[in-house]
Amino acid sequence: MSMLTPPGMGGQYRITGDRYPRMRRPRRRGRLVVLTVASVAVLGGAGWGTLQLIDVFTGGDDPASVSATGTKASCAVRASPAAAPKALPEPGTITVNVLNATTRGGLAQKTADELKKRGFRIGEVANASEDYDKKVKGTGVLLGPASALDTSLPVLGAQLAGAERRTDAARKGNEVDLIIGDGFRSLTKKADADRALAALAEPEPAPASKKGC
């Protein structure tokens, strides 16, 4: 009987030889693999959900919202085309009648002299007709034929800011009237008038619009 055989046990329960079974803890490698795979799956699901939320609030991967550098842009800016320059008449081609509708004497001649210095042709210098005499409360009225609405009147209007523009369809010829009103003090300063004319000749482009905002 071997020394390893417990007392009272023999026969088929006899342990022989010089080797004996070693008691080891069961291996848990399979359980660790399962836990690792489950963790990866949970993290992957959470990351995908986060990306979906980001796409919802940022517009997703719409090519229109991605800039040339690969970054997403909130809006696509579209530049508005510049307006075509207007062909306005030169002051030397415009004949102006200067008419005084106020009770102050000498305004018509003084104003006509200044307009002449600025290159305008001067026609009649007199008091205003009964239709306008003492009836113009503003700085003045610019009156001309219908054809002058977008030609001569804007050019003359640059010389007297705030003047009202009117047209008379029945009026013949190309002459225009500058009717001086009670609010008149002087013509617009020449430097300011020149800037106004330049702006009329070459309008600035409209502000850029944002598409998709």
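Cut-offs applied
Residues numbered from 1 in each chain as written. Predicted model: local features only at pLDDT ≥ 70, side-chain atom pairs only at ≥ 80, totals over all residues. Heavy atoms only, no water. Helix = DSSP H or I, 4+ residues; strand = E, 2+ residues; numbered from the N terminus. Areas by Shrake-Rupley, 256 points an atom, 1.4 Å probe, with all protein chains shown as cover. Salt bridge = Lys/Arg side-chain N within 4 Å of Asp/Glu carboxyl O. Buried < 20%, exposed > 50% of the residue type's maximum accessible area, 1.4 Å probe, protein only. Pairing = 2+ DSSP bridges. Axes fitted to C-alpha atoms, helices over the stretch in contact; angles between N-to-C directions.

If you look the protein up in an unreviewed UniProt entry, it shows as LytR/CpsA/Psr regulator C-terminal domain-containing protein from Streptomyces griseomycini.

Chemist: How should the overall build of the protein be read in this particular structure?
Modeler: Along the backbone of the protein there are 4 helices and 7 strands. Overall, the protein shows an N-to-C arrangement of helices and strands of α-β-β-α-β-β-α-β-β-α-β. For the protein, the accessible surface area stands at approximately 15400 Å², while carbon and sulfur atoms represent 56% of it.

Chemist: Quick question: what am I supposed to make of the pattern of salt bridges here?
Modeler: As a working rule, side chains carrying opposite charge can pair if their charged atoms are close by. This model, assessed by the stated rule, comprises 7 salt bridges. Note that Lys137 and Asp182 form a salt bridge whose closest N and O atoms lie 3.8 Å from each other. With a gap of 45 residues between them, Lys137 in the loop between β3 (121–127) and β4 (140–144) and Asp182 in the loop between β6 (176–180) and α4 (190–201) connect regions that are remote in the sequence. In this structure Asp182 comes out as partly exposed when scored by relative accessible area, which is 31%. Asp194 is the partner of Lys190 in a salt bridge, and the nearest nitrogen-oxygen pair spans 3.0 Å. Of this pair, Lys190 and Asp194 both sit in helix α4, separated by 4 residues, roughly a single helical turn. By relative accessible area, Lys190 is classed as partly exposed at 43%. Taking relative accessible area as the criterion, Asp194 reaches 37% and is therefore assigned partly exposed.

Chemist: Explain the sheet that holds β3 to me, please; I cannot follow it from the model alone.
Modeler: Sheets are built from strands that pair by backbone hydrogen bonding, the pairs being arranged parallel or antiparallel. Reading across from one edge, β3-β2-β6-β4-β5 is the order of the 5 strands in this open sheet, with mixed pairing throughout. Of all strands in the sheet, those bounded by a partner on one side alone are β3 and β5 (164–167). The mean inter-strand angle of the sheet, taken between neighbouring strand axes irrespective of direction, is 20°. Examined bridge by bridge, β4 and β6 share 4 bridges and lie antiparallel to one another. Among the inter-strand pairings, Val141 is bridged to a residue of β6, identified as Ile179.

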